[in-house]
Amino acid sequence: MNTRKLPSLSALRAFEAAARHLSAKRAAAELSVTPTAISHQVRQLEESLGLTLFVRKPRQLALTPQGRKLQQVLSESLDAIADTITQLRETPERQSITLSATPAVALRWLLPWVCLLRDAHPKLDLSIHTSHEDAALDGVVADMAIRYGDGNWPGMVAEKLFENVFAPVCSPSLGLTEPSQLPHHTLLHFEPCKTIRSPGDWYNWQHQTQVPGLDVGAGLTFSDETHVISAALDGQGVALMSIALMMDELRTGRLIRPFGPDLIGKSFYLIYPQRRAHEPAIMAVHEWVIGLRERYSTLQQAVPGSGLSLQA
């Protein structure tokens, strides 16, 4: 380990103040010492360095080139130290942060593993805001969000979590094996609200597949994805759902993917303001969510033919 060879820190601080004000009197007032003490410390510094830092004129100080160079680095360093100390003093012992997500992502992707975040950061209080609408990441409504899109959010860090692959799923008790059987079963629809359309719906699926006699306007409609999943588990019909949110059921065989084709929607991203990227609470939640991505990537391997790609 290298030992830093530095002059007296008091002398460096006295010089920096005198150099910034170009006045021993004003530097003395700032540091609550006498002008004589400032002059004495600056001369000691010059002697220890073997350099002349000031050109001394009657009632006036001017920096030498060496003095200007030293003053610049000292001012930058002291400013950085002061800013860090201010941040440390202002950081509360407990911190809180709000992560916004769709209800299904919150319930099925985040909530089962909140314990991991709590264990790693016991003084961090997480609030989960659920909505299908984009939440303002203004520190009031939310601080971070998981949303699907194309990755283009100006001023935001956008980290891809997983692709949004939609496929028909149902209980194995229905005995479905091919698309031609669909007209004899109830379709389960997810419509969050009138202004937002599900990224994967039966209209788009039928446009791609063209199953004879299939009425995609019929069936049961829910405004909550979790209700669609519950209905599918109960054998009430066939749902077109995001595979990323169904891996546990598919892995255990409670739900099956009887046939394709799949629909590819926009990917899910973790987003947060670029200017806040280095805040401890933001970094903690980021680490937790990325850890979940790796955990679910491992679970995916146990789902035959999942067609799901989680982004590392």
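Residues numbered from 1 in each chain as written. Predicted model: local features only at pLDDT ≥ 70, side-chain atom pairs only at ≥ 80, totals over all residues. Heavy atoms only, no water.

Enquirer: How would you explain the confidence of the model for the chain if you had to name every residue and give the values?
Expert: Scored by pLDDT, the chain has a mean of 86; 91% of the residues are at 70 or more. The low-confidence segment residues 306-312 (pLDDT under 50) makes 26 contacts with residues lying over four places distant or belonging to another chain. (pLDDT = per-residue confidence, 0-100. Contact = heavy atoms within 4.5 Å.)

Enquirer: Would you mind going over the packing of aromatic side chains in detail, with residue names and values included?
Expert: According to the stated counting rule, one finds seven aromatic pairs in the structure shown. Measuring from ring centre to ring centre gives 5.2 Å for Trp-202 and Trp-205, while their planes differ by 80°; the resulting arrangement is edge-to-face. Within this pair, Trp-202 and its partner Trp-205 are both found in helix α7 (residues 202-209), separated by three residues, close to a single helical turn. Judged on exposure class, the residue Trp-202 and its partner Trp-205 are both buried. Here the aromatic rings of Trp-205 and Phe-259 are separated by 6.3 Å at their centres, their planes lie at 40°, and the arrangement is tilted. (Phe/Tyr/Trp six-rings, centres within 6.5 Å; stacked < 30°, edge-to-face > 60°. Helix = DSSP H or I, 4+ residues; strand = E, 2+ residues; numbered from the N terminus. Buried < 20%, exposed > 50% of the residue type's maximum accessible area, 1.4 Å probe, protein only.)

Enquirer: I'd like to hear about helix α5 (residues 103-110), residue by residue, with values.
Expert: Of all eight residues in α5, six are buried; the element is thus mostly enclosed. Those residues of α5 lying buried are Ala-104, Val-105, Ala-106, Arg-108, Trp-109 and Leu-110.

Enquirer: Explain helix α3 (residues 35-49) to me, using residue names and the numbers behind them.
Expert: The first and last C-alpha atoms of α3 sit 21 Å apart over 15 residues, in line with the 21 Å expected at 1.5 Å per residue. Taken together, the buried positions of α3 are Ile-38, Val-42, Leu-45 and Glu-46. Buried residues along α3 cover an arc of 100° about the axis, so they all sit on one side. Summarising the geometry of α3, the exposed residues directed more than 90 degrees from the buried face are Thr-36, Glu-47 and Ser-48. A positive phi of about 70° marks Gly-50, the residue just after α3. (Expected span 1.5 Å × (residues − 1). Arc of directions from axis to C-beta.)

Enquirer: Give a detailed account of the pattern of salt bridges, specifying residues and quantitative values.
Expert: Counted under the stated rule, the structure contains twelve salt bridges. In this structure, a network of salt bridges that share partners links the residues Glu-16, Arg-20 and Glu-30. (Salt bridge = Lys/Arg side-chain N within 4 Å of Asp/Glu carboxyl O.)

Enquirer: Explain the nonpolar core residue by residue, including any values.
Expert: One finds Leu-99, Trp-109, Leu-110, Ile-146, Val-285, Trp-288 and Val-289 to be the most contacted residues of the largest nonpolar core, which totals 32 residues. Those elements that provide at least two residues to this core are β3 (95-101), α5, α6 (114-120), β5 (144-149), β6 (156-169), β10 (263-273) and α10 (280-300). With nine residues, α10 is the largest single contributor of residues to this core. Of all hydrophobic cores here, the second largest spans 19 residues; its members include Ala-17, Ala-18, Ala-27 and Leu-45. (Core = buried A, V, L, I, M, F, W, Y, C linked by side-chain atoms within 4.5 Å.)

Enquirer: So what about a nonpolar patch on the surface? Which residues, and what values?
Expert: Together, Leu-78, Ile-81 and Ile-85 make up an exposed nonpolar region whose accessible area comes to about 230 Å². Positionally, Leu-78 belongs in helix α4 (residues 65-90). (Patch = residues over 30% accessible without salt bridge, like charges linked within 9 Å, V, L, I, M, F, W, Y side chains within 5 Å. Areas by Shrake-Rupley, 256 points an atom, 1.4 Å probe, with all protein chains shown as cover.)

Enquirer: Any details on the packing of helix α1 (residues 9-21) against helix α2 (residues 24-31)? Residues and values, ideally.
Expert: Relative to each other, α1 and α2 sit at 125°, their axes nearing to 8 Å. Relative to α2, α1 is oriented oblique. When the axes of α1 and α2 are compared, the crossing they make is right-handed. Contacts between α1 and α2 pair Arg-13, Ala-14, Ala-17, Ala-18, Arg-20 and His-21 from the former with Arg-26, Ala-27, Glu-30 and Leu-31 from the latter. Looking at the contact of α1 with α2, its residues break down into five nonpolar, one polar and four charged. (Axes fitted to C-alpha atoms, helices over the stretch in contact; angles between N-to-C directions. Parallel < 35°, antiparallel > 145°, perpendicular 65-115°, else oblique. Left-handed = near helix turned anticlockwise from the far one by under 90°. Nonpolar A, V, L, I, M, F, W, Y, C, P; charged D, E, K, R; others polar.)

Enquirer: Provide a residue-level description of the pairing of β3, including the pertinent values.
Expert: Most of β3 is tucked away: five of the seven residues are buried. Of the pairings in the sheet, the one linking β3 to strand β4 (residues 124-130) comprises seven bridges and is parallel in character. Paired with Ser-96 across the two strands is Asp-125, which belongs to β4. Sheet analysis places β3 next to β5, joined by two bridges and oriented parallel. Counted as the bridge partner of Ser-100 is Ala-145 from β5. (Pairing = 2+ DSSP bridges.)

Enquirer: An account of unusual backbone geometry is needed here, citing residue identities and associated values.
Expert: Residue Pro-261 is bonded to the preceding Gly-260 through a cis peptide linkage, with omega at 0°. Positionally, Pro-261 belongs in the loop between α9 (247-252) and β10. Here Leu-22, not a glycine, exhibits a phi torsion of approximately 50°, which is positive. On the secondary structure map, Leu-22 appears in the loop between α1 and α2. Since its relative accessible area comes to 39%, Leu-22 is described here as partly exposed. A positive phi angle, near 60°, is found at Gln-210, a position not held by glycine. Mapped onto the secondary structure, Gln-210 falls in the loop between α7 and β8 (220-222).

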